[in-house]
Amino acid sequence: MTAHPAAAAPPNYISGSACTKSLNPVWQSADTWIMYGNVTVVPGCTLTIEPGAFVRVDPGVRLYVRGSLLANGISGTLISFSANNTATNVPWGGVQFNATSTGSVSWSSFSEVERALHAIQSSPDINNNTIDSAYYGIQLERSSSSVYWNRINFTTVGIQASVSGSTIIADNTITNVTGNPALGIYVTNLNSVTIWQNTIRDVFAANGRTPALAGARGSDGGYAVAILVNGTSTASVYLNTISQVLGGQGGNGQSSALGNGGRGGDGGSAGGIATFATGILDIRSNTVTSLAGGHAGNGGGSTVLVGDGGNGGNGGTAAAIYSYSSTTSAAWYSNTVNGITGGSAGDGGSASNGLVGNGGVGGDAFGFLTSQAMNGDASGNTVLSIRGGSGGNSSNGARGNYGGSGGQAVGFWAFGVDGSGTVHANTVSTLTGGNGGAGRPGAGSGGNVTGLFVVGDGTSFNATAVRANGVSGLIGGIGGVGTVAGGGGGSAAGFAAFHVRLTSASNTISSLSGGKGGDAALIFNPAGRGGDGSALVVALIPSGTSTSDVIQTVTKGSPGAGSGTPASYGVGVYAIGNVTIRTQLTVTNATLLGVGDVDIYVDNYTEATTVNTPFSTTKLAVESAGNLTVRNFLALTIFWPNNLTFVNGARIQIKDDANTVWDFVSPSGQAQWLLVTDRVYIDSKTNITDNATTVTVTYGSYAFWNDPRLVNMSASHTESFGMVDGLAPSSSAT
């Protein structure tokens, strides 16, 4: 028969061993147990807590499990763990499973606790619990527990798993995470982890503070991450929903009546899913929305005769998915990212007599930011509404200083491609650079915008394939208002590749524009330059191809108000190398429509070739150390005199400038996709070598009309050769 702990009268008070009277104690339904000191379930003992039991715990007190704990409520009848003394700010400690322990906790509620559930070298089942107001909701160390269907609210770290073990964290709801850092799920140094179908929202990092000391720097805002994985061999992150993640606001710099004002603190960063130092990484089918880097603090003012205002802090970075270093493989499949915003920068502090502080730099915003990923593959992702943070203002007045630049906005940024890289079938749309801040000697430039950006690692020129992506709706940030001159508008690039061996195919890049230049505060001073717009940018690419890419509606940003019209450009394809690495790029079957200024720009140290790619010769730029070869396809049809029947076995010879490039017998009397050079631009768009293409067709002793013939190869086309009818007509007339 099961024994029950004795008590003089309800409630039951307990401290020390839970097993003094039985090795199978039961805390019954509707009973209240008050833990006024630490309670231990000793080895060999099993404590059962029934549904509906109440456990109230004094500050700092823990329930230690070295034997077994079965605390399993049922839906609608939870086990309640709560603080016994709410007059103090010290929480109770929580339930801690130690080494050698076993058990399970389910359908239980926890409130006002330091660590609600803590497993050390043990792996209890943890599911369907409700945790409110804790520092850690659930903490696992050297544990392989599975954590399912828990609701965790008001914590600093929702779930943490660390120091070896393999665990599954699934179907949990984590809300209202605050602190520095504020972490929804934090995994570090595990053997493997699966993080699946969790909902994480309202993760808010702590704000920085304004210090008491005159002229001191404001402290930085904290960082907030919904899911953070570090140093784990295999990490799988699937089907999670993440929303409302905010970096902390930087504290303002303190003002000073003795010297310079303090610098504003930087805004904290915000991340949806962040991974570091994994082996095998798989991130797929997650939804990340509404992330924002923290607003930076403003610089402190100065009221002293020779003091300057403090500079504004820099806005916090926001990245929906950030992956650094995956040594075996990395995959990002079918994720949706929407509404990512870099933090706005702080303004410069005021000054009674000195200079106003500089504005800070706006925070960058990324849909995906990856680095050092081995054999990375990003496919089927959707990235929408990315915006860089605004640069901070100084002043356009007599004591004004420099405005800060706007933050950049990037859809997918892969820095350090290891092994091979694949970027396939992604959609990137509606990216906007941050606006530059106002200033007197110099206004801030608008933030740059890039749809897709890949950079190779080291000197290996890793193979990178970019196929079937759609990039649209990119606008560079607006330059700031400047007294001496307006700030430049931000640039916009659809797809840029550096230092890789590139295969680009079937991508569509449309509707991108450089940002508007900033206005000059004094209309007779120079206007800010509009930002450049470039659809495809390749640099330091020793071997690159672009096949069937579509480029349309690429424009430069307009200049700001002021004197002059500083030049900027809308460019379809831009290629550049250097003395050490000559870029070689072949563009085949491309479509260029609505490109504002330059269809193809061949910069220095570049060998470019177009194949069946129409472009405007008035929209061509070739620099002094660049060459462009224009090639097209020729098709041939060879007929008998009836102009219906093909001449099977006809011989075809094609020469470019007397050099034979094709010589073969056509079994069908037809030939297609014969690649022929039309012209070569050498070191200039005006220094042109125009090839003479000659086609000769033979078949025995038969002759063909206009054979041989000179063919104009300025465009791909078909030439027909008809055989001369050499037989005299026959007639029966007399």
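Residues numbered from 1 in each chain as written. Predicted model: local features only at pLDDT ≥ 70, side-chain atom pairs only at ≥ 80, totals over all residues. Heavy atoms only, no water.

A count of helices and strands for the chain gives 0 helices and 57 strands. Taken over C-alpha atoms, the radius of gyration comes to 35 Å for the chain, far larger than the 27 Å a tight globule of 734 residues would show. Along the first, second and third principal axes, the C-alpha set of the chain runs to 140 × 80 × 45 Å. In the chain, buried positions account for 54% of the 734 residues. Here the analysis covers contacts within the chain between residues at least 6 apart in sequence; of these, 67% occur between residues at least 24 apart. Surface exposure of the chain reaches about 27700 Å², of which carbon and sulfur atoms provide 52%. If the 28 positive side-chain charges of the chain are averaged to one point and the 36 negative ones to another, these points end up 5 Å apart. (Helix = DSSP H or I, 4+ residues; strand = E, 2+ residues; numbered from the N terminus. Rg over C-alpha atoms; globule rule 2.2 N^0.38 Å. Buried < 20%, exposed > 50% of the residue type's maximum accessible area, 1.4 Å probe, protein only. Contact = heavy atoms within 4.5 Å. Areas by Shrake-Rupley, 256 points an atom, 1.4 Å probe, with all protein chains shown as cover. Lys, Arg positive; Asp, Glu negative; His and termini not counted. Charge placed at Lys NZ, Arg CZ, Asp CG, Glu CD.)

Ranked by size, the top nonpolar core spans 121 residues in total, and within it L69 and F110 carry the most contacts. If sequence neighbours within four positions are ignored, L69 has contacts with L47, I49, L63, V95, F97, T102, G103, S104 and V105. Counting residues in each nonpolar core, the second largest holds 17 residues, with L634, I654, L674 and F704 among its members. (Core = buried A, V, L, I, M, F, W, Y, C linked by side-chain atoms within 4.5 Å.)

A word on the sheet that holds strand β56 (residues 709-711). Strand order in the open sheet made by the 4 strands is β52-β51-β55-β56, with antiparallel pairing throughout. Of all strands in the sheet, those bounded by a partner on one side alone are β52 (659-666) and β56. For this sheet, the mean inter-axis angle between neighbouring strands, taken without regard to orientation, is 25°. Judged from the 7 bridges that link them, strand β51 (residues 650-656) and β52 form a sheet pairing that is antiparallel. Considered in β52, the bridge of D656 is made with N659. (Pairing = 2+ DSSP bridges. Axes fitted to C-alpha atoms, helices over the stretch in contact; angles between N-to-C directions.)

The next point concerns the pattern of salt bridges. Per the stated rule, a full pass over the model turns up 14 salt bridges. The partner of E114 in a salt bridge is R62, with the nearest N and O atoms 2.8 Å apart. In this pair, E114 sits in strand β11 (residues 108-120) while R62 sits in strand β6 (residues 62-65), placing the two residues 52 residues apart along the sequence. The exposure class assigned to R62 is buried, which follows from its relative accessible area of 16%. (Salt bridge = Lys/Arg side-chain N within 4 Å of Asp/Glu carboxyl O.)

In this section: the environment of G267. The topology assignment puts G267 in the loop between β24 (241-246) and β25 (270-284). Spatially, the C-alpha atom of G267 lies 46 Å from that of P51, the residues being 216 residues apart in sequence. What G267 contacts, discounting residues up to four positions off in sequence, is G221, G248, G250, G294, H295, A296, N314, G315 and G316.

Below, the discussion takes up the pairing of strand β44 (residues 570-576). Most of β44 sits inside the fold, with 6 of its 7 residues counted as buried. Bridge count between strand β41 (residues 533-539) and β44: 6 bridges; the pairing is parallel. Within β44, the position partnered with V537 by the bridge is Y574. Pairing geometry for β44 and strand β47 (residues 598-602), over 4 bridges, is parallel.

Turning our eyes to something else, we now look at the side chain of Q408. With respect to the element layout, Q408 can be found in the loop between β31 (382-387) and β32 (409-418). Judged by relative accessible area, Q408 falls into the buried class, the value being 18%. Beyond its immediate sequence surroundings of up to four residues, Q408 is in contact with G363, D364, A365, F366, G388, W413, G447 and N448.

Cis peptide bonds are those with omega within 30 degrees of zero, and the linkage from N180 to P181 qualifies with 0°. Looking at the element boundaries, P181 is found in the loop between β18 (173-179) and β19 (182-188). Of note, the amide linkage connecting D707 to P708 takes the cis form, showing an omega dihedral of -5°. At F154, a position not held by glycine, the phi torsion is positive, near 60°. Along the chain, F154 turns up in strand β15 (residues 151-155). Assessed through its relative accessible area of 45%, F154 is described here as partly exposed. Phi angles above zero are rare outside glycine, and S385 is one such case at about 55°. The residue S385 is located in strand β31 in this model.

Take the packing of aromatic side chains next. Taken as a whole and assessed by the stated rule, the structure comprises 19 aromatic pairs. Judged by centre distance (4.9 Å) and plane angle (70°), the ring pair of Y135 and Y136 falls under edge-to-face. We classify Y135 as partly exposed; its relative accessible area is 42%. Note on Y136: relative accessible area 12%, which makes it buried. Measuring from centroid to centroid gives 5.4 Å for F276 and Y322, while their planes differ by 80°, and the two rings are edge-to-face. Here F276 is found in strand β25, whereas its partner Y322 is found in strand β27 (residues 318-333), with 46 residues between them in sequence. An aromatic cluster of at least three residues, connected via ring pairs, comprises F366, W413, F453 and F498. (Phe/Tyr/Trp six-rings, centres within 6.5 Å; stacked < 30°, edge-to-face > 60°.)

So, about the environment of G477. Structurally, G477 can be placed in the loop between β37 (470-475) and β38 (492-498). Among the residues examined, G477 registers a relative accessible area of 1% and is labelled buried. Sequence separation of G477 and N335 is 142 residues, and the distance between their C-alpha atoms is 26 Å. Every residue in contact with G477, bar those within four places of it in the chain, is listed here: G433, G434, N435, G446, G447, G489, G490, G515 and K516.

With that settled, the discussion passes to a nonpolar patch on the surface. Among the surface-exposed residues, L522, I523 and F524 lie close enough to one another that they form a single nonpolar patch of about 330 Å² accessible area. Checked against the element boundaries, I523 lands in the loop between β40 (508-513) and β41. (Patch = residues over 30% accessible without salt bridge, like charges linked within 9 Å, V, L, I, M, F, W, Y side chains within 5 Å.)

Now for the environment of V680. Tracing the backbone through its elements, the reader meets V680 in strand β53 (residues 670-682). Exposure remark for V680: the relative accessible area of 18% places this residue in the buried category. Between the C-alpha atoms of V680 and I120, which are 560 residues apart in sequence, the distance is 71 Å. Those residues within four positions of V680 in sequence are excluded, and the remaining contacts are L628, T629, N687, I688 and T689.

Right, let's get into the confidence of the model for the chain. Residues with a pLDDT of 70 or more make up 97% of the chain, whose mean pLDDT is 95. Confidence drops under a pLDDT of 50 for residues 1-9, and excluding neighbours within four residues, the segment shows 14 contacts in the predicted structure. (pLDDT = per-residue confidence, 0-100.)

Bringing the side chain of N129 into the picture now. With respect to the helices and strands, the residue N129 is situated in the loop between β12 (125-127) and β13 (130-141). Among the polar contacts made by the side chain of N129, one reaches the main-chain amide nitrogen of W107 at a distance of 3.4 Å. Side-chain polar atoms of N129 contact the backbone nitrogen of S108, separated by 3.0 Å. Excluding its chain neighbours within four sequence positions, the residues that come into contact with N129 are V105, S106, W107, S108, F110, L117, W149, N150 and R151. (Polar contact = N/O pair within 3.5 Å; in protein donor to acceptor, adjacent residues only side chain to side chain.)

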